[in-house]
Amino acid sequence: MIPAAFSYESPRTLKEALALLESNPNAKLLAGGHSLLPAMKLRLATPPALIDLGRIPDLNYIRDTGDHLAIGALTPHAAVASSELLHRMSPLLAEAADSIGDVQVRNRGTIGGSLAQAHPNADYPAAILALDAEIVTLSRTGEHVIPAREFFTGMFTTALSANEIITEVRVPKTTGAGAAYKKFAHPASGYAVVGVATVVRKHGNAIESAAIGITGVSGTPYRATAVENALRGKPASAIADASRRAADGIEAIGDTFASPGYRRHLAMVFTRRALETALARARAK
Amino acid sequence: MPRNGKANGKTNGKGSGHWIGQRFKRKEDPRLIQGISHYADDLRLPGMLHCAFVRSPHAHAVIRSLDTASARSVPGVVAVILAQDLEGVGNVPCAGVLPDLKTPAHPPLARERVRYVGEPVAAVVAEDMYAARDAAELVQVEYDPLPAVVDMEKALAKDADLVHQEFKTNVAYVHPLKNGDIKGAFKRANRIVKERLVNQRLAPVSMEPRGVVAQYLPGERTLTVWSSTQIPHLLKTQISLMLGLPETSVRVVTPEVGGGFGSKLNVYGEEAVVPWLASKLGRPVKWIETRRENMQATIHGRDQIAYLELALKRDGTILGLRARIHADLGAYYQLLTPVIPTLTALLITGCYKIPAVDIEITGVLTNKMATDAYRGAGRPEATYVIERMVDLAARELKMDPVEIRRKNFPKPTEFPYNTSTGVIYDSANYQMSLKRALDLAGYTKLRARQKAGWKQGKYYGIGLSTYVEICGMGPSSAMPAGGWESATVRVEPTGKVTVLTGASPHGQGQETTFAQLVADRFGLRPEDVAVIHGDTAAVPYGIGTFGSRATAVGGTAVYYATEKIKSKMSAIAAHLMGIKPDGLVFGNGKIATKDKKKSVGFGEVVSAAYMARTLPPGMEPGLEATHFFEPSNFTYPFGAHVCSVEVDPETGETKIEKYVAVDDCGNVINPLLVDGQIHGGIVQGLAQALYEEVIYNEDGQLVTGSLMDYALPKAVHQPQFVLDRTVTPSPVNPMGVKGVGEAGTIGSCPAVVNAVCDALSPLGIKHIDMPLKPEKVWRAIQKAQTPPAAGKRSRAQSRARRTA
């Protein structure tokens, strides 16, 4: 469990970090280190340099900016999970954060690091997608805002370019809507074999809209648009049938714990369960 | 849940006597919890070098070439060695002997061929562990991969690829055990229940992996080896044999050992290579196993496939048992590899009267890591199969699983009970522990709720396991390398007591329980007694800690050594008081006559022994006694576990709702520690039932090579345990203790599987193999729920017919 040799940089500003990234194109950014360091210890990852973002001030915050909530990229999962602000105005992200790994992982791992890693079984992506969140980045060319739906491009791959650093995640306030994250955790890793995040808005007795993000089933997290479309304007009784389309058109991944077919089945079950919980939490307009 | 007395034994107040049976907190824990103790990796010797092993990435391959040049060029590298450098170093030993056993040569570093993923092929030594690891990556090995023998049943085919060419077969041995009129039993049977049951391969995964530090002093010509082992003395002997050093020059020390579960009841190649390097290089060398190496190259456990047939009368009476068991041994043998499955044969009748048995165990060589002793070692396999078979028989005969068990238990008056497998159960009352467990679980209510639940589509299940197991290993006649244990008890001149035990506790807590035992006998306090273990230079030759033997065998040695000193101290006390030494009692720091009219201080007697001026004529000075205890039999703890589960039919997940364990390990020295052993044991058995499984793919690659894939049980997976005890003392030793290290693991696993299969019984599901992973359970439910196609029965139904 000894990593290969690497050089270590500890910039104090984002500008400095960007310059270092520019001059070390194969360097890896280090945040909480909970994905990168184990991979390095097994020598599955052998980056020549690490740029540690940990000493850059003011990337650890959760703020109300009026129309949305802003979360600094270095905010640990534990802070997201326990944020009173999030619980009140956009609880889905907190619920997802609370289910990540274990206490140690939640204390060290960060939202920016997790999103950049884009592990196919990570919890955050489902919530980020369901919330239509925005990922704010910085590069030499300035600030960019990447919509969640454009961010995840494949297994461990994102829309981030090599010289880009995530600085913030913006989530909309979901006041009035019901949200829920339901997860089937792998007994060894704690990752989501399947994780379904949903935000449901209610109008009278009908479902006005449902946004559903699913992680773990495919190499890339996705929005279950077939289910969303099938539910628009429909009563709660439509949930069971609509949820059967949770993996429509999706090529599922598999391993010795859960085959592709089983994952597709779990996607349906957990979509239904997440929708039912979210609907029960929603306030009718 | 405190049952008798309070933690830390303040109950008696006077600091005298009656320490046995107290919930005394572990003396070991403060230093361990504070992190101020020393494991192998905490040792830092001047000039110490670091070792890393290069291991095979192939399950089976010919080594075409090895190039160490670039590895040697890494700055800080001191040596890179291959098998040919170890000329004269002996093979990794196996103590297991069986008739016609085929034993492959097992060199510490692979020669010519590699036969499992993780087999060491080279060792690198460097000034620091970074250089060692970097250089290990640079050792160039060219392999010609060969077909891997992975499936133990396919390995039995005539045209199967061979793990060891020279044997011309993958069958290492066939071990039969026959007794009684088996043909008659099956002829007379009203019902025959058949099933194939798998005990999957498990990894022991002790919290601390293995580790070896070795130092050779050329002037003194002494080799000291610190190893994370359960058997320091046996290891010392084996190191001296492997390295060709006089045994008098070798000292083995166990630092703190962070768990073993049997995986460190062994002698590994690394335990020869690291000391060899230290003596050749003249500098201390350290090797600490990584978790990946621990998964690949520390022994695995279980891995048996059993084909069983149970012959029954209509009323549930068991007439006979046939068992054909295939045991996957892996590629080479470790210390006890071939003999572990033979323990399964001894215990396979469980706590039932089965007059006729026909058992055949086939040991099979495969391209995998060796299997060996893992918590329970052959006995959990036996308990699992008999407990499943009895449940299947109950289903078949439409009997309550409680009734079929009661029907076949020997009566309490029938003990010692001779089994048809040839062992003698020392003492038991199986009815009593079962009744207690059923009462605690509220069995009748659970059954009523289950029936109601089924109507609402809820799958509740109740599982029983009534087990007996073999502990206190053991009489030397039945052990590969001596079954006795040693103890030296020395009362020091200040009146403090030093206990030297040949047992080698690595989490069991004998520093506490032996102190309680000795304090109790001497009328002192446990803090007056220090227990020393795991240093071959300090402790008389001993066997070690495994097979739930440390208290029943090692503790008894301590007991007898203490008695020897007590009788000497009585003689001195009587001499000082001018009376006869008969019937003096120890207590309150005094040695007194029974009526307490005359007494002399404990310290006064100790002084007399050491000053040696007032001793009875002819008596030797000093207060030290050694005892080597040879038990007359094993001990046979038993118990009853009841588990209730709910299975989610949509996902196949199992939730354990209630877990009741009533265990009987004879008399108890420290209930707190016994509860701890039961807790941990249940967790490990439950983990076999639900989570753990070492998986090799068809190429022999280890798929579950890390704790991200290998599902160790976690706190969140555990139910609340309800524990209770019955006490049936063992007649095998004067303290009446039996042992408890493995009982929980042995008892719990079948209770969980029985519960899940019981939950799914309305669907016609009879059996699902472990681990009961959600997908497997879900698929079984899917199959059972699928309406049978025209003329085709569902799998569950046809299996039901077959079993009938």
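What you see as residue numbers is a count from 1 along each chain, following the sequence as written. Chains and ligands are labelled sequentially in the order written, the chains with letters from A and the ligands with numbers from 1. Predicted model: local features are reported for residues with pLDDT of at least 70 only, side-chain atom pairs are reported and counted for 80 or more only, and whole-chain, interface and lining totals are derived from all residues. Only heavy atoms go into the side-chain values, all of them from the structure, while hydrogens and water stay out.

## A word on the side chain of T110(A)
So, step 1. Note on conventions: DSSP H or I runs of at least 4 residues are helices, E runs of at least 2 residues are strands, and numbering of each starts at the N terminus. With respect to the helices and strands, T110(A) occurs in the loop between α6 (103–108) and α7 (111–117).
So, step 2. Whether two residues touch is decided by their heavy atoms; if any such pair falls within 4.5 Å, the residues are in contact. If near-sequence neighbours (up to four positions away) are discounted, T110(A) is found in contact with A31(A), G32(A), A73(A), L74(A), T75(A), P76(A) and H77(A).

## Some words on empty space enclosed by the protein
Residues and elements named next belong to chain B.
So, step 1. In this analysis, the protein atoms alone were mapped onto a 1 Å grid. Cavities are point sets where a 1.4 Å probe fits without being able to get out; pockets are open sets with protein on both sides within 12 Å along at least five of seven lines; lining residues have an atom within 4 Å of a point. Grid points are joined across faces, edges and corners, and a volume is the space filled by probe spheres set on the points. With the rule as written, the count across this model stands at 3 cavities of 30 Å³ or more.
So, step 2. Lining the largest cavity are 14 residues, with H106, Y116, P120, E270 and Q334 positioned closest to its centre.
So, step 3. Looking at the second largest cavity, its volume works out to about 60 Å³.
So, step 4. Lining the second largest cavity, in full, are G301, R302, Q304, A327, D328, T337, I340, P341, T371, D372 and E381.
So, step 5. Counting only elements with at least two residues in the lining of the second largest cavity, the list comes to β13 (301–312), β14 (318–330) and α8 (340–347).
So, step 6. Considering every element that reaches the lining of the second largest cavity, the biggest residue donor is β13, with 3 residues.

## Considerations on the interface of chain A and chain B
So, step 1. At the interface, 25 residues of chain A touch 28 residues of chain B.
So, step 2. Think of a salt bridge as a Lys or Arg side-chain nitrogen and an Asp or Glu carboxyl oxygen that are within 4 Å of each other. For the pair chain A and chain B, the number of links is 4 salt bridges.
So, step 3. Between D648(B) and R273(A) there is a salt bridge, with the nearest N and O atoms lying 2.8 Å from each other.
So, step 4. When residues of the side of chain A that touches chain B are assigned to their parent elements, the largest contribution, 8 residues, is made by helix α12 (residues 260–281) of chain A.
So, step 5. Looking at the side of chain A that touches chain B residue by residue, the classes come out as 16 nonpolar, 6 polar and 3 charged. Put simply, Ala, Val, Leu, Ile, Met, Phe, Trp, Tyr, Cys and Pro go in the nonpolar bin, Asp, Glu, Lys and Arg in the charged bin, and everything else, Gly too, in the polar bin.

## Some words on the domain arrangement of chain B
All names here are of chain B.
So, step 1. All the domain ranges listed were derived from an automatic or database domain assignment. Each domain of chain B was delimited in the assignment, giving domain 1 (29–37 + 484–629), domain 2 (41–146 + 209–257 + 264–297) and domain 3 (377–471 + 633–803).
So, step 2. Buried area is understood as the total, over both parts, of accessible area removed when two parts are fitted together, assessed with a 1.4 Å probe. Each partner contributes to the roughly 1,500 Å² buried at the junction of domain 1 and domain 2, and carbon and sulfur atoms together form 51% of this total.
So, step 3. Area buried by domain 1 at its contact with domain 2 is led by H506, T536 and Y541, which between them contribute 39% of it.
So, step 4. Taken together, the links from domain 1 to domain 2 amount to 2 salt bridges.
So, step 5. Here R251 and D535 are joined by a salt bridge, their closest N and O atoms 2.7 Å apart.
So, step 6. For the purposes of these results, a polar contact is taken to be a pair of N or O atoms within 3.5 Å, where, inside protein, one atom must be able to donate a hydrogen and its partner to accept one; residues adjacent in sequence count only when each atom of the pair is a side-chain atom. For the pair domain 1 and domain 2, the interface holds 11 residue pairs in polar contact (both at pLDDT 80 or more).

## A word on the packing of aromatic side chains
Residue and element names in this part refer to chain B.
So, step 1. Stacked, edge-to-face and tilted are the three classes for Phe, Tyr and Trp ring pairs, Trp counted by its six-membered ring, which pair at centre distances within 6.5 Å; planes under 30 degrees apart are stacked, over 60 edge-to-face, the rest tilted. Inspection of every chain in the model, using the stated rule, returns 23 aromatic pairs over all chains.
So, step 2. On the numbers, 6.2 Å between centres and 55° between planes, the contact of F415 with Y417 is tilted. Like Y417, F415 is buried.
So, step 3. Judged by centre distance (5.6 Å) and plane angle (85°), the ring pair of F415 and Y430 falls under edge-to-face. Taken together, the residues F415 in the loop between α10 (401–408) and β16 (417–418) and Y430 in helix α11 (residues 430–441) connect sequence positions 15 residues apart. Considered together, F415 and Y430 belong to a single accessibility category, that of buried residues.
So, step 4. Taken together, the ring pairs connect Y352, F409, F415, Y417, Y425, Y430, F634, Y636 and F638 into an aromatic cluster.
So, step 5. Only when the NZ atom of a Lys or the CZ atom of an Arg is both within 6 Å of the ring centre and within 35 degrees of the ring normal do we say a charge sits over the ring. Against the face of F186 rests R322, its NZ or CZ located 4.1 Å from the ring centre.
So, step 6. Between the NZ or CZ atom of R549 and the centre of the ring of F546, over which it lies, the distance is 5.2 Å. Each residue is placed in one exposure class: buried if its accessible area under a 1.4 Å probe, protein chains only, is under 20% of its type's maximum, exposed if it is over 50%, and partly exposed if it falls in between.

## Re helix α15 (residues 602–611) of chain B
Residue and element names in this part refer to chain B.
So, step 1. Within α15 the residues assigned to the buried category are F602, V605, V606, A608 and A609. Taken end-on, α15 shows its buried residues confined to a sector of 160°, consistent with a single buried face. Seen from the open side of α15, the exposed residues pointing more than 90 degrees away from its buried face are E604 and M611.
So, step 2. Of the surrounding elements, those touching the buried residues of α15 are β19 (485–491), α13 (510–522), α14 (550–577), β22 (585–587), β23 (590–592) and β24 (599–601). Here, the arc refers to the directions that run from the helix axis to the C-beta atoms.

## Observations regarding the sheet that holds strand β12 (residues 192–203) of chain A
So, step 1. Strand pairing is defined by DSSP finding a minimum of two bridges between the two strands. Pairing within the open sheet is antiparallel, and its 4 strands lie in the order β11-β12-β13-β14 (chain A). Each end of this open sheet is capped by a strand with a single partner; those strands are β11 (178–185) and β14 (222–223) of chain A.

## Considering the domain arrangement of chain A
So, step 1. Here chain A is described as being made up of domain 1 (7–55), domain 2 (62–172) and domain 3 (178–281).
So, step 2. Computed from C-alpha atoms alone, the centre-to-centre distance between domain 1 of chain A and domain 3 of chain A is 35 Å.

## Some points on the pattern of salt bridges
All names here are of chain B.
So, step 1. What the rule picks out here adds up to 67 salt bridges over all chains.
So, step 2. The shortest N-O distance in the salt bridge between E208 and K264 comes to 3.4 Å. One end of the pair, E208, is in the loop between β8 (191–202) and β9 (211–217); the other, K264, is in the loop between β11 (250–253) and α6 (270–281), and 56 residues separate them in sequence. The pair formed by E208 and K264 is uniform in burial state, with each residue classed as buried.
So, step 3. Among the ionic pairs, E289 bridges to R210, the shortest N-O distance being 3.0 Å. You can see E289 sitting in the loop between β12 (285–288) and α7 (291–297) and its partner R210 sitting in the loop between β8 and β9, a full 79 residues away along the chain.
So, step 4. Judged by its relative accessible area of 3%, E289 falls in the buried class.

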